[in-house]
Structure formats: structure tokens, C-alpha cells
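Structural characterization, general
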Amino acid sequence: MKTLLFILISFLALTSFISGLLILSHPDGSSLTLRLDMLKDTPFHNFLVPGLVLTILVGGTNSIAVVYNIKRLPNRYNWAIAGGVMIICFILTQIILIKASSWLQFLYLGIGILVILMAYQLKGKWAV
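For the structure given in this document, a descriptive report is provided here. Just so you know, these numbers come straight off a predicted model, no measurement behind them.

1. Considerations on the overall build of the protein chain
Looking only at helices and strands, the protein chain has four helices and zero strands in total. Along the protein chain, helices (α) and strands (β) appear in the sequence α-α-α-α when read from the amino end. In terms of overall size, the protein chain behaves like a compact globule, its C-alpha atoms giving a radius of gyration of 15 Å where 128 residues would be expected to give roughly 14 Å. With the principal axes as the frame, the protein chain shows a C-alpha extent of 45 × 25 × 20 Å. Out of the 128 residues in the protein chain, the part that is buried amounts to 34%.

2. Here's the deal with the packing of helix α1 (residues 2–25) against helix α2 (residues 48–70)
For any two helices packed against each other, one specifies the inter-axial angle together with the distance between the axes. Remark: α1 packs on α2, axes separated minimally by 8 Å, with the N-to-C direction vectors making an angle of 150°. The orientation of α1 relative to α2 falls into the category roughly antiparallel. Where α1 crosses over α2, the two elements pack in a sense that is left-handed. Along the lines of polarity and charge, the residues of the contact of α1 with α2 split into 16 nonpolar, eleven polar and no charged.

3. A look at the packing of aromatic side chains
Scanning the model with the defined rule gives two aromatic pairs in all. A ring pair is formed by F11 and Y108, whose centres lie 5.7 Å apart and whose planes are at 20°; its orientation type is stacked. Of this pair, F11 sits in helix α1 while Y108 sits in helix α4 (residues 103–122); the two residues are 97 residues apart in sequence, bridging distant segments of the chain. On the basis of relative accessibility, which here comes to 34%, the residue F11 falls in the partly exposed class. Overall, the relative accessible area of 14% leaves Y108 in the buried class. Between Y68 and W79, the ring centres sit 5.8 Å apart and the planes meet at 50°, which makes this aromatic pair tilted. Residue Y68 is found in helix α2, and its partner W79 is found in helix α3 (residues 76–98); the two are separated by eleven residues along the sequence. Given a relative accessible area of 25%, Y68 falls into the partly exposed group. Under the relative-accessibility criterion, W79 is labelled partly exposed at 29%.

4. Looking at the environment of L52
With respect to the helices and strands, the residue L52 is situated in helix α2. Taking C-alpha positions, L52 is 18 Å from Q105, a pair spaced 53 residues apart along the chain. The residues contacting L52, other than those within four sequence positions of it, are L24 and L57.

5. Some words on the pattern of salt bridges
One pass over the full model with this rule turns up one salt bridge. As a salt-bridge pair, R35 and D37 come within 3.1 Å of each other at their nearest N and O atoms.

Reading the values: the criteria
- Residues numbered from 1 in each chain as written.
- Predicted model: local features only at pLDDT ≥ 70, side-chain atom pairs only at ≥ 80, totals over all residues.
- Heavy atoms only, no water.
- Helix = DSSP H or I, 4+ residues; strand = E, 2+ residues; numbered from the N terminus.
- Rg over C-alpha atoms; globule rule 2.2 N^0.38 Å.
- Buried < 20%, exposed > 50% of the residue type's maximum accessible area, 1.4 Å probe, protein only.
- Axes fitted to C-alpha atoms, helices over the stretch in contact; angles between N-to-C directions.
- Parallel < 35°, antiparallel > 145°, perpendicular 65-115°, else oblique.
- Left-handed = near helix turned anticlockwise from the far one by under 90°.
- Nonpolar A, V, L, I, M, F, W, Y, C, P; charged D, E, K, R; others polar.
- Phe/Tyr/Trp six-rings, centres within 6.5 Å; stacked < 30°, edge-to-face > 60°.
- Contact = heavy atoms within 4.5 Å.
- Salt bridge = Lys/Arg side-chain N within 4 Å of Asp/Glu carboxyl O.

Laid out in C-alpha cells, this is it:
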């Protein structure tokens, strides 16, 4: 279970950083074929702020969780839970603001939920 958790948080960290940096490099969304009209009912005029949130909050939190897990530091599962919460909040906010969804969003929601449940289990809070 520890290995799977490590793989999932590494996946979240890597894909969040890469996607976030691609968005930041082209805030008009062209690097990921995102359309600006997706943002028409949101407070954003381009993808700069969502790119920053994805890179810093989601990617950063999961990267910290990866480092903590590699070093086996005491708070490693707390950081993994925080990373799971970050991706869930990001995806839910995205679904609510854009009013559209795709299979990829549900995949990331599932990964976020799985990360939280696994980290909580590894903390020893309950036995399945």
C-alpha cells in the first residue's frame, strides 16, 4: 500500500507541475488546447491563475508529500492527505466553475480520494 500511495502522489505531483507549467507558458490555453470561452462564466479572463494554483498548490503539496515519503518523515501521510485534498478541491472547483466535466476529471477525483483513504489507513486510524 505504501508503494501505491507513493506512485499516486508522484503521479499527481508530476502531472500537476507539467500541466501547470504548460498553462503558465501559454495562459490562453493553447498549449493544452483549452478554449478561453470555457472561462466565460468564471472570474478568470485567462488560465494564468488556474495554472498558478495547479502548479503551486496541487503540484507543490504533492511534491512535498513525495519528498516526505522518500525520506520517511513522520508527517508523510499528512502531506499525502493534503495533496489528495488539493487535487479534489481543484477538480471540484473546475467542474463547478466551468460547468462541464470529462473522464479525466473523474480519474483525478478518484485518485485524490484513494490517496486520502490510503494515507489515512497508513496512519493507523482504522483497519480495513
